[in-house]
Amino acid sequence: MKRGNGIMTVKDLQDYKSVWREPLIGNYRGYKIITICPPSSGGVTLLQLLKMTENYPLKVIGFHTPQSIHLMTEEERRAFADRAEFLGDPDFVSIPVRKLLDAKYLTDRMKSFNTEKASLSREIGHGFPESYQSEQTTHYSVVDSMGNAVSTTTTLNNSFGNSIVVAGAGFLLNNQMDDFSVKPGFPNLYGLVGGEANSIQPGKRMLSSMTPTIIEKEGKLFLVVGSPGGSTIATTVFQVIVNILDFGMNVQEAVNAGRFHHQWLPDYISYEKKSIDSTTLKKLESYGHTLKVRNSIGLVNAIQILPDGKKDGGADPRGYNSASGF
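Residues numbered from 1 in each chain as written. Predicted model: local features only at pLDDT ≥ 70, side-chain atom pairs only at ≥ 80, totals over all residues. Heavy atoms only, no water.

> How do you make sense of the overall build of the chain when you look at a structure like this?
Scanning the chain from N- to C-terminus turns up ten helices and eleven strands. For the chain, the C-alpha radius of gyration of 20 Å lies close to 20 Å, the compact-globule estimate for 326 residues. With the C-alpha coordinates aligned to their principal axes, the bounding extent of the chain is approximately 60 × 50 × 40 Å. Counting every position in the chain, which comprises 326 residues, the buried fraction comes to 51%. For the chain, the exposed surface amounts to about 16300 Å²; the carbon and sulfur share of it is 55%. For the chain, the distance from the average site of its 34 positive side-chain charges to the average site of its 32 negative ones is 2 Å. (Helix = DSSP H or I, 4+ residues; strand = E, 2+ residues; numbered from the N terminus. Rg over C-alpha atoms; globule rule 2.2 N^0.38 Å. Buried < 20%, exposed > 50% of the residue type's maximum accessible area, 1.4 Å probe, protein only. Areas by Shrake-Rupley, 256 points an atom, 1.4 Å probe, with all protein chains shown as cover. Lys, Arg positive; Asp, Glu negative; His and termini not counted. Charge placed at Lys NZ, Arg CZ, Asp CG, Glu CD.)

Written as structure tokens, this is what we have:
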């Protein structure tokens, strides 16, 4: 740090302590969802998306139809607006997690949803839960022979972090300061806009997008999943989960399936090339959506436990991922 004219001191490193936090727990169509809590935004965002989706017959609407993409995009728009306003380090800001995940609150968030017209992000904004009183990230999923499960995401943030190698140690320093809101209303590296809740303060942890998740069915392990991908992580995990639970795909099919993403601002749907057919794209444009193609979204590693107890691994073909059993 001294060599790079940095401001961090040895005392800063000595004062840092890891914090053990309780995971967030929710339910989706009878499945128990166990996921990450703040200061990652991923768990809250994922559970909001799932809870909003639960009110709609996604299986009937169909996989990657204009209607399902439109619905999920509008949910993502609202979840990321809440992310920008409310989420940060819980040691520094009071986050209304329970209220953000309240079923009535999320139902009300979707009242402005028009089945045939895209919302404008500048007109959506965040909700008001307090009114209720009642790419250079790595993810691995592991399940052992006794059923113990681990879902872990870790990151340098951008490619090669800040590109500084610690002399004699061989590891890179991260540039995760970018996950703070440098200034309310201004985008970071991933285009995410944040507010005062995620402003920079001494000793404060920045808001990440990590979404490591474990799912149980009737008290038994069912799925372990997670992904890298910056701001796209939560929406990637969300789509893999609904691919399995709503569209009946096996884990590898769910991981392979094309993806799309909306994060409120900037106000457009990004989608993987060849993942959505031209008819559907035209229909989405007729709703008022702006669409931009990108090479890939997310890089999932997942394990599903089959009814006979066997483990089925889903390694994302978008990267050099693999599934192995020992």
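Now that the structure has been shown, we can carry on.
> Looking at this structure, how should I read the packing of helix H4 (residues 66–86) against helix H10 (residues 278–287)?
To describe two helices that pack against each other, one gives the angle between their axes and the distance between the axes. Interaxial distance between H4 and H10 falls to 9 Å at its minimum, and their mutual angle equals 50°. Judged by the angle between their axes, H4 and H10 are oblique. For H4 against H10, the interelement crossing comes out right-handed. Taken together, the residues of H10 that come into contact with H4 (itself represented by Pro 66, Gln 67, Ile 69 and His 70) are Thr 280, Lys 283, Leu 284 and Tyr 287. For the contact of H4 with H10, the per-class residue count stands at four nonpolar, three polar and one charged. (Axes fitted to C-alpha atoms, helices over the stretch in contact; angles between N-to-C directions. Parallel < 35°, antiparallel > 145°, perpendicular 65-115°, else oblique. Left-handed = near helix turned anticlockwise from the far one by under 90°. Contact = heavy atoms within 4.5 Å. Nonpolar A, V, L, I, M, F, W, Y, C, P; charged D, E, K, R; others polar.)

> Can you help me understand the sheet that holds strand E9 (residues 291–294) in this one?
To summarise the sheet geometry, strands pair through backbone hydrogen bonds and adopt either a parallel or an antiparallel arrangement. If you walk across this open sheet you meet the three strands as E7-E8-E9, and the pairing is mixed. Of all strands in the sheet, those with a lone pairing partner are strand E7 (260–261) and E9, marking the two edges. Across four bridges, the pairing between strand E8 (residues 269–272) and E9 is parallel. Paired with Glu 272 across the two strands is Arg 294, which belongs to E9. (Pairing = 2+ DSSP bridges.)

> Teacher, can you tell me more about helix H8 (residues 233–245) here?
Given 3.6 residues per turn, any residue in an α-helix points the same way as the ones three and four places further on. Taking 1.5 Å as the rise per residue, H8 with 13 residues should run 18 Å; its terminal C-alpha atoms sit 18 Å apart, in good agreement. Here H8 lies mainly inside the structure; 13 of its 13 residues are buried. (Expected span 1.5 Å × (residues − 1).)

> Would you take a moment to explain the sheet that holds strand E2 (residues 31–35) for this structure?
The strand order across the open sheet formed by six strands is E1-E2-E5-E6-E10-E11, and the pairing between neighbours is antiparallel. A strand with exactly one partner marks an edge of an open sheet, and here the two such strands are strand E1 (24–28) and strand E11 (311–315). Sheet twist, expressed as the average angle between the axes of neighbouring strands with direction ignored, equals 20°. Sheet contacts for helix H2 (residues 42–53): E1, E2 and strand E5 (213–217); angle to E1, the most-contacted strand, approximately 20°. On the sheet, H8 packs against E1, E2, E5, strand E6 (220–226) and strand E10 (301–305) and is oriented at approximately 140° with respect to E6.

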